[in-house]
Amino acid sequence: FPVTIGALTEPRWMLAIVTLLLLIVRCPPGLDSRLQRSFDERVTRTATAILNTTGVMHYRESGLIRMEGVSLRPTAARGGLASAWCLPVLACVVAAWRGRSVIHQLLLLPLTAVLGGIAAVGNTVLAAHLAVWFDVDLSSGFLSLVYRLNWLIPGAMLVWSADRLLKFLLDGIPEMQRTVA
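Conventions and cut-offs
- Residues numbered from 1 in each chain as written.
- Predicted model: local features only at pLDDT ≥ 70, side-chain atom pairs only at ≥ 80, totals over all residues.
- Heavy atoms only, no water.
- Axes fitted to C-alpha atoms, helices over the stretch in contact; angles between N-to-C directions.
- Helix = DSSP H or I, 4+ residues; strand = E, 2+ residues; numbered from the N terminus.
- Parallel < 35°, antiparallel > 145°, perpendicular 65-115°, else oblique.
- Left-handed = near helix turned anticlockwise from the far one by under 90°.
- Contact = heavy atoms within 4.5 Å.
- Nonpolar A, V, L, I, M, F, W, Y, C, P; charged D, E, K, R; others polar.
- Core = buried A, V, L, I, M, F, W, Y, C linked by side-chain atoms within 4.5 Å.
- Buried < 20%, exposed > 50% of the residue type's maximum accessible area, 1.4 Å probe, protein only.
- Phe/Tyr/Trp six-rings, centres within 6.5 Å; stacked < 30°, edge-to-face > 60°.

Asker: Before we move on, could you go through the packing of helix 4 (residues 81–98) against helix 5 (residues 102–134) and cite the residues and values that matter?
Answerer: Taken N-terminus to C-terminus, the directions of helix 4 and helix 5 make an angle of 155 degrees; their axes are 7 Å apart at the nearest point. Overall, the two elements helix 4 and helix 5 adopt an arrangement that is roughly antiparallel. Relative to helix 5, helix 4 is oriented so that their crossing is right-handed. For the pair helix 4 and helix 5, the contacting residues are A84, L87, P88, A91, C92 and A95 in the first and Q105, L108, L109, T112, A113, L115, G116 and G117 in the second. Looking at the contact of helix 4 with helix 5 residue by residue, the classes come out as ten nonpolar, four polar and no charged.

Structure follows, in structure tokens:
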């Protein structure tokens, strides 16, 4: 749909543009490493709990998940915080592209951040299961790159689904037109 210059001054467009521009601003020194460590710890702890539930024998040791002769670096397998950060970035692009309302954008960003964390946990659990079942190391090499890039497809589907869900919840019910017989 065409966008005029006057339309860019509407709040929804201004928020979308400002949000996209804020994504290129770097974190203050030290904050990015603290966020990375916190994210890695939470995701690895949650993935370990799921692996315990699914019966995969393993233990954590200094950033590694060790299982039956296989070691997995979960951060490398899932791409770290950057893999989860891709979803809010994609949400900003979708919100700007679709011209979503300010409320829609403000709800979509945290929702996709949570979905990014859930996807990171799922990514780690699947990588651990594949390491045990097929003796494949998905934390290094070309296969790791392919594995991480393939997670962008379900991630994009999660963003699109979250956007459609919010659109459904936030839009009013269209008036039903009467048909005159």
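Asker: Outline the nonpolar core, listing residues and values.
Answerer: As a rule of thumb, soluble globular proteins bury nonpolar side chains together. Counting 18 residues, the largest nonpolar core has L51 and M67 as its most contacted members. Among the elements that line this core, the one with the most residues is helix 5, at six residues. Ranked by size, the runner-up nonpolar core spans nine residues in total, among them L108, L115, V159 and L166.

Asker: Would you mind going over the packing of aromatic side chains in detail, with residue names and values included?
Answerer: In this structure the tally under the stated criterion is one aromatic pair. Consider the rings of W97 and W160, whose centres lie 5.8 Å apart with planes at 40 degrees: the pair is tilted. Within this pair, whereas W97 is found in helix 4, its partner W160 is found in helix 7 (residues 152–170), the two being separated by 63 residues in sequence. You can call W97 exposed: its relative accessible area is 51%.

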